[in-house]
Amino acid sequence: MNRELVEAARRGDRDAFDALVRQEVAGVYRTTLAILGNAADAEEATQDAFVSAWRNLRSLRDTSRFDAWLGRIVVNSSRMTLRRRRGVREISMNADQLPSQASRPVGTSDDPEATAVGADAFDRAFERLPIEDRHLLTVTYAEDRSLDDVGRLLGIPIGTVKSRLSRARAALARALEGQA
Amino acid sequence: MVELDEPTVRAHIRRRADTAPDPVAIGGLAAAVREKVRHESQRRSLVPGVVALAPVRARFALAAAIVVAVSLVLVPLAGGPLLQRRSSMQPSSSMPSLDPTVFQVLTLDELQRVVAVGDTEPYVDRIVVADVDLGPGGPRQLTCLIEDCPIGLLVEGAPGIRVIEPFEDPDILPGRIGENGVSGPVILRIRRANTVELIGEAPTAAGRAAWPLPSFVQAVRDYLRTMDFAPTSFLVGPPYVVEAKLLQGQPVPCPTAAAASPARLGEFGCGLTAWLAPTVVADPTTIIDTSDGRPPDWVRVQNGMYRRFGMEPANGPGATPNWDPRRGFYLVFPLVRYDARICFDCDAGAVAILYAKLEPVPIP
């Protein structure tokens, strides 16, 4: 995060905000994609998040916490997207009908243990988690971040990261067991 | 038992996150955001003074019309918010200054003096908490059909002071005076000289009319436990005065405005959230900025309330905002039942309509 860009954008500099968007958009998109599970929703949530950030950037009290602030907006935009979708689209429990991206097999993963849980089962369990838990798991594991990094990114102590991560993984395991 | 070790979770998350998204698609996303931001900026420049969250602005309209710039007439008491009966109270006017950090309850004498000049600034439309008793009745006048009709009188003295029904707000519980009258303390709004509006009785906690936020949250939960509400009802509880820190929360994105019924509930939808935090929390902004959940003793209030009651006068357009939490005494009406699907970020201990910030005014 470039603090000068954030400061300039906060003063209303659209070019600076555009530069911030280019810097962050891939990461935000990947996060929303992991949270929501399909590209269309992820694109929508990503756009909403940045527009919301632009609208409210003046309310950011501490520009050094931009990443955590943006993270909260991403969580909210994901939640909003999910709520809008919930009324019009049912997630199929049939593996054949799952979005192709979400149905990709995991056997090609670098980690062979990943095959211990099937992709479809994992996705169904993951999508039963609260958005906040999905967000935490995503920022932690998608980029192989250390817990220190996650804490800095979310603006919370490492102890809180550990406890929340532990709860999220336990909830995920319970959701998987519920399918077994 | 399902095996779920860390590498398994990592592998699946990375699969879902698509570690190598199409650069063209990412570029398209950035361009789409740029276009929306450009459009947003143009719209703002065409409508001077429009707030950042336009869809929410309409929802503020009702609140803006209702939540008049009222504040509580408070007189400092050395003993803080501890309520005493009139006979043992010292005249507040003897205090050297008006300390906004000290809760104040007017005595009968003070109320009479304040209401006597109730048609002048700074008293008109101010809200006071007074430790007085109200009785039913009052002289009905020929003008009663077209003006506010009296519903009661002060029990002791001040026969000329009329107590009238609250101003019209269908979502707020109206103050009532039954056959047995109402015991103080009561929350009143000064309408004009010698006329006050009964907003309601002021509930007390441990003898204090200004509730610590955790006690207020517990009281709201007790409503839920002891009363049988229809699940779809929108119900507002009686007025409370709470001592808390008001702070601005995170924005909930509002790309499409969802209609809420009643309109009041729309103020808790997407938009710029606002919260009341307990006074013991040193810096609630660190929690609001980073934590996903809200502490169980926080209270969600309508969007934009920080701008209304917390923004310093110096923070006009173009000025550098100061987002410090604002400690004070706030008049709130708890929502004891609402549609959680429309109430966003309502994972706090309670949800309430913030009605007024209560500040002291001098006793004439």
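Here the structure is a predicted model, which is why all the values come from computation and not from measurement.

S.K.: Residues and numbers for the overall build of chain A, please.
M.R.: Each helix and strand counted, chain A has eight helices and zero strands in total. Counted from the first residue to the last, chain A has its helices and strands arranged as α-α-α-α-α-α-α-α. Accessible area of chain A: about 7800 Å², with a carbon and sulfur share of 47%.

S.K.: Outline the overall build of chain B, supporting the account with residue identities and numerical values.
M.R.: Secondary structure assignment for chain B yields eight helices and 14 strands. The buried share of chain B, taken over its 364 residues, is 54%. A sequence separation of at least 24 residues applies to 74% of the contacts in chain B between residues at least 6 apart. A total of about 15300 Å² of accessible surface is found on chain B, and carbon and sulfur atoms cover 56% of it.

S.K.: Give me the lowdown on helix α5 (residues 119-126) of chain A, citing residues and values where you can.
M.R.: Listing the buried residues of α5(A) in full gives Ala119(A), Phe122(A), Asp123(A), Ala125(A) and Phe126(A). With its buried residues spanning 165° around the axis, α5(A) presents them on a single face. Looking at the packing, one finds that the buried side of α5(A) touches α2 (14-36), α6 (131-141) and α8 (158-177) of chain A together with α1 (6-17) of chain B.

S.K.: Talk me through the pairing of strand β10 (residues 240-252) of chain B; I want residue IDs and the actual numbers.
M.R.: Residues and elements named next belong to chain B. With 13 of 13 residues buried, β10 lies mostly within the body of the structure. As defined by bridge partners, strand β8 (residues 210-212) adjoins β10 across three bridges and the pair is classed as parallel. Opposite Pro212, over in β10, you have Glu243 as the bridge partner. For β10 and strand β13 (residues 326-337), the ladder comprises seven bridges, and the chain directions are antiparallel. Within β13, the residue paired with Glu243 across the bridge is Phe329.

S.K.: Describe in detail the pattern of salt bridges, supporting the description with residues and values.
M.R.: As enumerated under the stated definition, the model contains 20 salt bridges over all chains in all. Residues Asp123(A) and Arg16(B) are paired through a salt bridge, measuring 2.9 Å at the closest nitrogen-oxygen approach. With one member in each of two chains, Asp123(A) in helix α5 and Arg16(B) in helix α1 form a pair that bridges those chains. Grouping residues by exposure puts Asp123(A) and Arg16(B) together as buried.

S.K.: Please give an account of unusual backbone geometry that cites residues and values.
M.R.: Residues and elements named next belong to chain B. The peptide bond linking Glu121 to Pro122 adopts the cis configuration, its omega dihedral lying at 5°. Within the secondary structure layout, Pro122 lies in the loop between α4 (108-116) and β2 (127-130). Even without being glycine, Asp125 reaches a positive phi, approximately 70°. Relative to the helices and strands, Asp125 resides in the loop between α4 and β2.

S.K.: Go over the pairing of β2(B) with me, naming the residues and quoting the values.
M.R.: All names here are of chain B. Burial of the side chains of β2 extends over both faces: Ile127 and Val129 are buried on one face and Val128 and Ala130 on the other. Summarising the sheet, β2 and strand β6 (residues 186-192) pair through four bridges and their orientation is antiparallel. Pairing of Ala130 across the sheet is with Val186, part of β6.

S.K.: How would you sum up the packing of aromatic side chains? Please name residues and give values.
M.R.: Enumeration over the complete set of coordinates arrives at eight aromatic pairs over all chains. Taking 6.0 Å as the distance between ring centres and 35° as the angle between the ring planes, the aromatic pair formed by Phe66(A) and Trp69(A) counts as tilted. Of this pair, Phe66(A) and Trp69(A) both sit in helix α4 (residues 66-86), three residues apart, which is roughly one turn of the helix. Side by side, Phe66(A) and Trp69(A) carry an identical accessibility label, which is buried. These aromatic residues form a ring-pair network of at least three members: Trp211(B), Phe216(B) and Tyr240(B). When the ring centre of Trp275(B) is taken as reference, the NZ or CZ atom of Arg300(B) above it lies at 5.8 Å.

S.K.: Tell me what's going on with the nonpolar core, and back it up with residues and numbers.
M.R.: Judged by nonpolar contacts, the single largest core of 30 residues is most densely connected at Phe17(A), Phe50(A) and Phe66(A). With nine residues, the single largest contributor to this core is α2(A). Those residues within four positions of Phe17(A) in sequence are excluded, and the remaining contacts are Ala9(A), Phe50(A), Ala53(A), Trp54(A), Leu57(A), Val33(B) and Val37(B). Within the second largest apolar cluster, 27 residues are counted, among which are Val217(B), Tyr223(B), Trp323(B) and Ala352(B).

S.K.: Describe the packing of helix α1 (residues 3-10) of chain A against α2(A), with residues and values.
M.R.: Any two packed helices are characterised by how steeply their axes cross, that is the angle between the axes, and by the distance between the axes. Residues and elements named next belong to chain A. One can describe the packing of α1 onto α2 by two numbers: an axis separation of 8 Å at closest approach and a directional angle of 135°. With respect to their mutual orientation, α1 and α2 come out oblique. Crossing handedness for the pair α1 and α2: left-handed. The residues of α2 that touch α1, namely those facing Leu5, Val6, Ala8 and Ala9, are Ala16, Phe17, Ala19, Leu20 and Gln23. Of the residues contributing to the contact of α1 with α2, the split by class is eight nonpolar, one polar and no charged.

S.K.: How would you sum up the environment of Thr160(A)? Please name residues and give values.
M.R.: Residues and elements named next belong to chain A. In this fold, Thr160 is placed in helix α8. In this structure Thr160 comes out as partly exposed when scored by relative accessible area, which is 29%. As a C-alpha pair, Thr160 and Leu147 span 13 residues in sequence and 9.9 Å in three-dimensional space.

S.K.: So, α4(B): which residues are in play, and what are the values?
M.R.: All of the buried residues along α4(B) are Leu108(B), Glu110(B), Leu111(B), Val114(B) and Val115(B). Viewed along the axis of α4(B), the buried residues span an arc of 160°, placing them on a single side of the element.

How each quantity is defined
- Residues numbered from 1 in each chain as written.
- Chains lettered and ligands numbered in written order.
- Predicted model: local features only at pLDDT ≥ 70, side-chain atom pairs only at ≥ 80, totals over all residues.
- Heavy atoms only, no water.
- Helix = DSSP H or I, 4+ residues; strand = E, 2+ residues; numbered from the N terminus.
- Areas by Shrake-Rupley, 256 points an atom, 1.4 Å probe, with all protein chains shown as cover.
- Buried < 20%, exposed > 50% of the residue type's maximum accessible area, 1.4 Å probe, protein only.
- Contact = heavy atoms within 4.5 Å.
- Arc of directions from axis to C-beta.
- Pairing = 2+ DSSP bridges.
- Salt bridge = Lys/Arg side-chain N within 4 Å of Asp/Glu carboxyl O.
- Phe/Tyr/Trp six-rings, centres within 6.5 Å; stacked < 30°, edge-to-face > 60°.
- Lys NZ or Arg CZ within 6 Å of the ring centre and 35° of its normal.
- Core = buried A, V, L, I, M, F, W, Y, C linked by side-chain atoms within 4.5 Å.
- Axes fitted to C-alpha atoms, helices over the stretch in contact; angles between N-to-C directions.
- Parallel < 35°, antiparallel > 145°, perpendicular 65-115°, else oblique.
- Left-handed = near helix turned anticlockwise from the far one by under 90°.
- Nonpolar A, V, L, I, M, F, W, Y, C, P; charged D, E, K, R; others polar.

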